[in-house]
Amino acid sequence: MRRTLAILALTLTCAAPALAQSSTSSASAPLPAAPAVLLTDAINRPGQDLSGLWAYSTDLYRTAETDINGRPPAPRAMRYRDISVDAEVAKKPDTEFFEFDMDKAPKAALPGAWNAAEPELRWFDGLMWYQRHFTAEAAGNRRAFLRFEAVNYRVKVYVNGQLAGQHEGGFTPFSIEVGKLLRAGDNQVTIGVDSTHDATTVPPTVTDWDIYGGVTRPIRLIYTPETFIDDEFLHLDLDGHIRGGMHLNGASAGNRDVSVKIGAGKAIALKTDGNGDAKIDITAPKGLKLWSPDSPTLYDVTFTAGNDTLTDHIGFRTIQARGTDILLNGKPIFLRGISMHEEEFGSNPARRMTPEAIRALLTEVKEGLHGNFVRLAHYPHSELTTRMADEMGLMIWSEIPVYWSVDFGNEKTLSTARHMLAENILRDRNRASIIVWSVGNETPNTPERNRFLATLADDARARDGTRLISAALLVSHNMKDGHIEMAIDDPLVEHLDLMAANTYNGWYGDDTLADVAKETWTMPAGKPMIFSEFGADALAGFHDATRPVKFTEEYQAEFYRRTLAMADRIPALRGMSPWILKDFQSPRRQHPVYQNGWNRKGLMSETGVRKEAFDVLANYYIGKEKD
Ligand code: GCU
C-alpha cells in the first residue's frame, strides 16, 4: 500500500543550465550515450498491452536470417514477411511453397519464457519467431513506440514486414519508434528472439540459471505527444537538496516551459535548455518524510511539459558508506537480506513476474525472514519488483550479469556491459529501494577484468553518485595457525564503496562445519562489508538428524548456524544476502535424487515450502532488528 503525503511548500534555489544526458565519466572514457529513447516511467503511461497469445515458430538454424551459404534468406523462410501464406500460395499454386505459416503456428502466452510454453521447448536455445496481429489507433500527430520490458537475449523487431529495431541484453527495457510503420486497422508485429549466448555476451554461455529465452516481460504500444518527457529523475542529496532533471524528446524540446510538482505542493516552473534538458535543484523542506524500510513513504511527483504529464511515485532517502558503516538517512543500518533470482514460485516457472508472484516472494523476505534487503541476482529484475520493493520497504542490490568467465579483453563485450548498466540505472534511478549498483559477480582478478569492472564502477558513479557501488567478489582461502583464514584481497575494492564476498566454506570443498565456525577474515580497512552469498543445498523434506549429511535440511540449518556465528565475529560486517530465498532452475544441477535441474540452496522449495534453515536465518534477523 503506497503512502503518499502532501508535500509542504518547496522553494526553488536555482534552475541551473543544461543537464548533460551523458556527462563524461570520472573515468578516462566518456560515458556511453544513453538510449535514443528512454520512455522513463513508461509503466505509468497509458498504452496498448500486447500481452496474450502469439504464434511462434522455432528457427534453430536461422533460416530466416541467411541461407545455407550465408547469403540472404529464401523468402519461404522469412517469418516476418507481411503476408498470408495461403494467399501467396493461391497466387502460384503450382510452384509457391513456404516452410513456415505463422497463421497456423502454435501459440504461446506472452510474456513468459518459451521453456514453459511447451514441453518440447524445455531446452530450446536458439532463434524463435513470435508474431501477432493488432489493431492500432490512428497515431494522428502523436508518436508511437513499441516498448519491450525485457527480451532474452537479443531481438529483431519487424512491423508489417519492415525491420523496426533491435536490442541486445536480456534484462533491460527498450523502446522502438514505429509511428511511420503502423497503418490504421490491422498491423502485424514479428519478433525474432535469439537466446544463444557465447563467450562475448553478457552473461557468457555458462551461468548457474536456466536459459529462460524469450519475451519475459510485457510488450506495450505507447503513444506520446510529438514532444514528450523522455526522462525524469529526482533524488535527495546528503546536503538536504532534492536534485534531478527532466529531458524532453521532440522537435520542440528546447527552451520549453516545464514543471515539477511533489505531492500536492506548488508546481515549480523550470525551462529546458537547447538540448531539451532542465536541471532541478530544490531545497528540501524540513517536513519531508524520508523513505525507509520501516516507513516506505512515496510521493506522487508530477512532471509536466506542455500537453505531456507524467506522475511517478518517488521516495526520498540518503544512503552512504562512512568508515565501515552503511548509513540510511544518516543512521547506521544492518542489511538483513537474502538473494533472489527472477523466478516465480512453482514447479514450472517461466519468469512470469506478475504483481502477485512478486508480492509472494517479497512478503517471505519482509514478513517471513524479517528482512529489509534483497539482492536481485544476477541481472536487472522486473521494474514491477523494484517498484514493489519501494512500496513494501525493502532495500535492493541491483546487478548486471557480468558473471563468471566474461570476455574481459573484448571491447564489444565491455560496450555491451556499459550499455546494460546505463539502461539499468536510467530505468531505476527513481527507485528509493535501490541502494547498491553492482557491476559483477565472482569474476577473476586479472588486469583485463580489473580495467573492465573499474570502468563499469566509474560509469555507475558518474551516472548516479547517490548509491553505493559494489560487486560480489571471489575471496582467498588460506590456512593460518590451524584454522581457515579468508581474505578479501581483490584490487577492485578501491573502486567500490561496499565490499561484498561470496563464500561457501562448509559446502564446496573439504572444510567441515566445525572449521567454518573457527574461520577468520582479513580485508581492506575503512569500508563496510557484506556477505553477498553463502549457502548450502537441501532437498525439502529430506532429513537425517543422526549425522551431518549434505542435501538434508538439518545440514543446511547447521551450515547457517555455524556461518552466522562466524559472521558475527567480523568487525566490518554490515549485512548479508545469503544464497538464496528459494530453489531455482539450473541446467548445472543434475543429481537425479536431490536436484533434477534445480539448485537446492533455497531456504524454501520451488513451490514455497520453508526448510529448517529458514527459521535459523529469521531468528538471527529478529535479533538484528534493533541494529
Ligand atoms: C555462485 C554464484 C551463484 C550460484 C551459487 C551456487 O557463487 O554466484 O550464481 O548459483 O554460487 O553455486 O549455488
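In this report, we go over the structure that sits alongside the text. Owing to the predicted nature of the structure, the values given are computational and were not obtained by experimental measurement. (Residues numbered from 1 in each chain as written. Predicted model: local features only at pLDDT ≥ 70, side-chain atom pairs only at ≥ 80, totals over all residues. Heavy atoms only, no water.)

### Description of the site of the ligand
Move 1: Residues in contact with the ligand amount to 14 residues; listed here are only the nearest, D208, H378, E442, Y508 and E533.
Move 2: Separating an oxygen atom of the ligand from a side-chain N or O atom of D208 is a distance of 2.6 Å.
Move 3: Between an oxygen atom of the ligand and a side-chain N or O atom of R589, the distance comes to 3.0 Å.
Move 4: Look at the ligand: alone it shows 320 Å² of surface, and the protein chains cover 97% of it.
Move 5: The residue makeup of the shell around the ligand, split by class, is five nonpolar, four polar and five charged. (Near = heavy atom within 4 Å. Polar contact = N/O pair within 3.5 Å; in protein donor to acceptor, adjacent residues only side chain to side chain. Areas by Shrake-Rupley, 256 points an atom, 1.4 Å probe, with all protein chains shown as cover. Nonpolar A, V, L, I, M, F, W, Y, C, P; charged D, E, K, R; others polar.)

### So, the pattern of salt bridges
Move 1: Applying the stated criterion across every chain yields a total of 51 salt bridges.
Move 2: Ionic pairing is found between R183 and D82, a salt bridge with its closest N-O pair at 2.7 Å. In this pair, R183 sits in the loop between β10 (174–177) and β11 (185–194) while D82 sits in the loop between β3 (52–58) and α1 (85–91), placing the two residues 101 residues apart along the sequence.
Move 3: For R183, a relative accessible area of 33% translates into the label partly exposed.
Move 4: As a salt-bridge pair, D537 and K601 come within 2.8 Å of each other at their nearest N and O atoms. Here D537, found in the loop between β33 (529–533) and α7 (553–567), pairs with K601, found in the loop between β36 (598–599) and α8 (612–624); they are 64 residues apart in sequence, far enough to count as distant.
Move 5: Residue classification places K601 among the buried residues on the basis of a relative accessible area of 1%.
Move 6: Each of the salt bridges in this network shares a partner with another, and the network as a whole consists of D41, D312, E383, R387, D390 and R431. (Salt bridge = Lys/Arg side-chain N within 4 Å of Asp/Glu carboxyl O. Helix = DSSP H or I, 4+ residues; strand = E, 2+ residues; numbered from the N terminus. Buried < 20%, exposed > 50% of the residue type's maximum accessible area, 1.4 Å probe, protein only.)

### Notes on the packing of aromatic side chains
Move 1: By the definition in use, this model includes 25 aromatic pairs.
Move 2: Three or more aromatic residues joined by ring pairs make a cluster, and in this case those are F171, W209, Y379, Y403 and W404.
Move 3: In this arrangement the basic side chain of R351 is found over the ring face of Y379, its NZ or CZ atom lying 4.9 Å from the centre.
Move 4: Seen from the ring of F233, R429 lies directly overhead, with NZ or CZ sitting 3.5 Å from the centre. (Phe/Tyr/Trp six-rings, centres within 6.5 Å; stacked < 30°, edge-to-face > 60°. Lys NZ or Arg CZ within 6 Å of the ring centre and 35° of its normal.)

### A few points about unusual backbone geometry
Move 1: With an omega of 25°, the peptide bond between N152 and Y153 qualifies as cis.
Move 2: Considering the arrangement of structural elements, one finds Y153 in the loop between β7 (151–152) and β8 (154–159).
Move 3: Following W579, the chain continues to I580 via a peptide bond in cis, the omega torsion being 25°.
Move 4: Assignment of secondary structure puts I580 in the loop between β34 (573–576) and β35 (584–585).
Move 5: One non-glycine residue, H370, lies in the positive phi region at around 60°.
Move 6: Assignment of secondary structure puts H370 in the loop between α2 (355–368) and β25 (373–376).
Move 7: On the basis of relative accessible area, H370 is assigned to the partly exposed category, the value being 25%.

Structural measurements only, silent on function.
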